[in-house]
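Overview (structure and organization)
What follows is the residue order along each chain.
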Amino acid sequence: MAKFRDSAVEDLPFASLSAAAGAEVPEVDVDEVVHDRAIGELMRESCQLPPEAVERTLAYQRQHGVRFGEAAVALGLVTRDDVLYALSRQFHYPVAPQDERRLGSELVVLNEPFSPQSESFRALRSQLLMRLFNDAEPRRALAVISPDAGDGKTYTAANVAVALAQLGGRTLLIDADLRGPRQHELFKLENRAGLSGILSGRSDSHVIKQIPGVSSLFVLPVGATPPNPLELVERPAFGLLMRELTAKFDHVVVDTPAAVHGADASVIAGRCGAALLIARQHRARVDDLSDLAGAIVGSAVRMVGIVVNEY
């Protein structure tokens, strides 16, 4: 299990390209009308309750003066998770149904939306909305960085992106870890084309993928792993691409390689304009965190804070 503590950087002890490259951004019908539905109807549909089960539930509900979901649980017809999933649909909150949780188990906000881990990510989302993703701030992408592999960058970036998308804003998750990409594995996406192809001018169209079930969430995978990752992100093309994408999406979250592998994370953060530093509890070294923050603090990059990943 993971929990997160957020701290402002001041509190730390250390101070059109996509069109040319064929990177099409899918359009979403934001004016789609959402119809309210009763929870009983939603549960009958999602749990495939036969008519006689619905009648038994309604009779129990009337007799005991409880809600439909409580009655169905009491009768053993559904589980508490089934009720929570139906409630999430009633309140238009995108989550993965119990029998369709085929995406990576690390996507806790999507697969376990009512768990302590998910609540921690929602708290982190609130901090990011107040500090970075608001009308008072200039448009920036958020680079998720850390000193070492295994600190939880990919896990954090993916779940933060899901949490932001669940609010309805168009959210793009970019896998810029050109050394060891994993976002395509978490979201079960093809990885034949992606960011590396755009930066090298060889990308196919439709490289940005919309995630089924979360209409506001899009992912740009790495594609082929290049032999020169640092050179690709240092090219002006990467900065131009980031500016274009931040103009098209409400939120852009970027996964990065660990700093131990080179200067990629610092360069990517510079192109994004903002960074969130991840530290693994009981493993991260203060010197390593200080070195990584020092490579960013003093530049034009906004360090929004540090997250301690507790396992």
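Here is a short report on the structure shown in this document. (Residues numbered from 1 in each chain as written. Predicted model: local features only at pLDDT ≥ 70, side-chain atom pairs only at ≥ 80, totals over all residues. Heavy atoms only, no water.)

A closer look at the environment of Phe249
- Looking at the secondary structure, you find Phe249 in the loop between helix H12 (236–248) and strand S6 (251–255).
- By relative accessible area, Phe249 is classed as buried at 1%. (Helix = DSSP H or I, 4+ residues; strand = E, 2+ residues; numbered from the N terminus. Buried < 20%, exposed > 50% of the residue type's maximum accessible area, 1.4 Å probe, protein only.)

Things to note about the packing of aromatic side chains
- Throughout the structure, instances matching the rule amount to 2 aromatic pairs.
- Here the aromatic rings of Phe121 and Tyr155 are separated by 5.4 Å at their centres, their planes lie at 70°, and the arrangement is edge-to-face. Pair noted here: Phe121 is in helix H7 (residues 116–131) and Tyr155 is in helix H8 (residues 153–165), with a separation of 34 residues, a long-range link. With respect to burial, Phe121 and Tyr155 carry one shared label: buried. (Phe/Tyr/Trp six-rings, centres within 6.5 Å; stacked < 30°, edge-to-face > 60°.)

With respect to the environment of Gly262
- Relative to the helices and strands, Gly262 resides in the loop between S6 and helix H13 (264–272).
- In the structure, Gly262 is positioned 115 residues away from Pro147 in sequence and 9.9 Å away in space, judged by C-alpha atoms.

Considerations on unusual backbone geometry
- For Lys188, which is not glycine, the phi torsion reads 55° and is therefore positive.
- Take Lys188: its relative accessible area is 48%, and that puts it in the partly exposed class.
- Non-glycine residue His282 carries a positive phi angle of around 70°.
- Mapped onto the secondary structure, His282 falls in the loop between strand S7 (273–280) and helix H14 (286–294).

Focus on the pairing of strand S5 (residues 217–220)
- In S5, alternate side chains face the same way, and those of Leu217 and Val219 on one face and Phe218 and Leu220 on the other are all buried.
- Two strands pair when backbone bridges link them, and strand S3 (residues 171–175) and S5 are joined in this way by 4 bridges, in the parallel orientation. Note that in S5 the partner of Leu173 across the bridge is Val219.
- Direction of pairing for strand S4 (residues 209–210) relative to S5: antiparallel, over a ladder of 2 bridges. Bridge pairing in S5 places Lys209 opposite Val219.
- Hairpin connection of S4 to S5: 6 residues between the antiparallel strands, including Gly213 at a positive phi of 90°. (Pairing = 2+ DSSP bridges.)

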